[in-house]
Each structure stands twice: as structure tokens, then as C-alpha cells.
Amino acid sequence: MTLRSAAWALLGFAIVLSAGYALNRGILIGSRIETAQLSDAYPVPFYKKHCKYLFFTGVRQVWTSSESTRAEAESSPCAALKPEPVIRRRRKASDF
């Protein structure tokens, strides 16, 4: 194996590893704003922002924030990668 082919193999492995990590955490693919209200007795609406993430298992929608105005909800950011991974490491009982 030449040095050049080893470098390409290493680069390919790094790309596959990075893609796997990103899909485990969830890649942001979009968001939407939903209007909601607490009850009929309290008709003042609020706005919920849902962020969509792409995982190994498909697309999942995550509720991120609620604001009193639509402009505030639209300006609240979604994280590029979801904070919690899909596949979690298990800890041994001796680790506690």
C-alpha cells in the first residue's frame, strides 16, 4: 500500500466516522413555529418552536422553546447538533 492510498483511506475513514457521529447526535434539517394556547379559559396564544433533526433512525421533531410573540420564537436558535445522542454509552455498575 502506498502512502498516497493510505492517506485516502484515512481520509475516507475520518469522513465516515464524522458522519456517524453527526447522525448519532442529530443534524438540524429545519424548524417550524406552532401556535398554541393553554386552554379555552385562557385564550392568549403562545408560539412553540419545533426543530427537526436527522438521525440514523429517521427524522425526529424536538420542541425547543415557547415565546409570547412569533418574532421571538422565530429568532430563538436551534442547535446544529441535538444535545443528547441517540446511542448512549452504558456504564458498568462499578462506575457509580
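These numbers were taken from a predicted model, which means no experiment stands behind them.

S.K.: Go over the nonpolar core, please, and point to the residues and values.
M.R.: Counting five residues, the largest nonpolar core is built from Cys-51, Tyr-53, Phe-55, Val-62 and Cys-78. For this core, the element with the highest residue contribution is strand β2 (residues 45-55), accounting for three residues.

S.K.: So what's going on with the sheet that holds β2? Residues and values would help.
M.R.: Across the sheet, which stays open at both edges, the three strands sit in the order β1-β2-β3 with antiparallel pairing between neighbours. Of all the strands in the sheet, the pair left with one neighbour each is β1 (27-37) and β3 (58-67). Each adjacent strand pair in this sheet contributes to an overall mean axis angle of 25 degrees, direction not counted. Strands β1 and β2 of the sheet are contacted by helix α1 (residues 3-25), whose axis makes an angle of about 150 degrees with β2.

S.K.: Describe the confidence of the model for the chain, with residues and values.
M.R.: In this model, the chain carries a mean pLDDT of 82, and residues with pLDDT of at least 70 account for 85%. Here β3 stands out as the element of the chain with the lowest mean pLDDT, 82, in contrast to α1, whose mean of 90 is the highest.

S.K.: Tell me what's going on with the pattern of salt bridges, and back it up with residues and numbers.
M.R.: Considering all chains together, one arrives at two salt bridges under this definition. Across the salt bridge formed by Arg-32 and Glu-34, the nearest N and O atoms sit 3.7 Å from each other. For Arg-32, a relative accessible area of 35% puts it in the partly exposed group. With its nearest N and O atoms 3.2 Å apart, the salt bridge here joins Arg-70 to Glu-74. A residue pair is termed a helical-turn pair when its members lie 3 or 4 positions apart in one helix, as Arg-70 and Glu-74 do in helix α2 (residues 70-75) at four residues. The partly exposed category is assigned to Glu-74, whose relative accessible area is 47%.

S.K.: Mind laying out the pairing of β2, listing which residues take part and the relevant values?
M.R.: As paired strands, β1 and β2 are joined by 10 bridges and run antiparallel to one another. Paired with Thr-35 across the strands is Tyr-47, a residue of β2. Across nine bridges, β2 lies against β3 in antiparallel orientation. If you follow Lys-48 over to β3, its bridge partner there is Ser-66. Linking two consecutive strands that pair antiparallel, namely β2 and β3, is a turn of two residues.

Thresholds applied
- Residues numbered from 1 in each chain as written.
- Predicted model: local features only at pLDDT ≥ 70, side-chain atom pairs only at ≥ 80, totals over all residues.
- Heavy atoms only, no water.
- Core = buried A, V, L, I, M, F, W, Y, C linked by side-chain atoms within 4.5 Å.
- Buried < 20%, exposed > 50% of the residue type's maximum accessible area, 1.4 Å probe, protein only.
- Helix = DSSP H or I, 4+ residues; strand = E, 2+ residues; numbered from the N terminus.
- Pairing = 2+ DSSP bridges.
- Axes fitted to C-alpha atoms, helices over the stretch in contact; angles between N-to-C directions.
- Contact = heavy atoms within 4.5 Å.
- pLDDT = per-residue confidence, 0-100.
- Salt bridge = Lys/Arg side-chain N within 4 Å of Asp/Glu carboxyl O.

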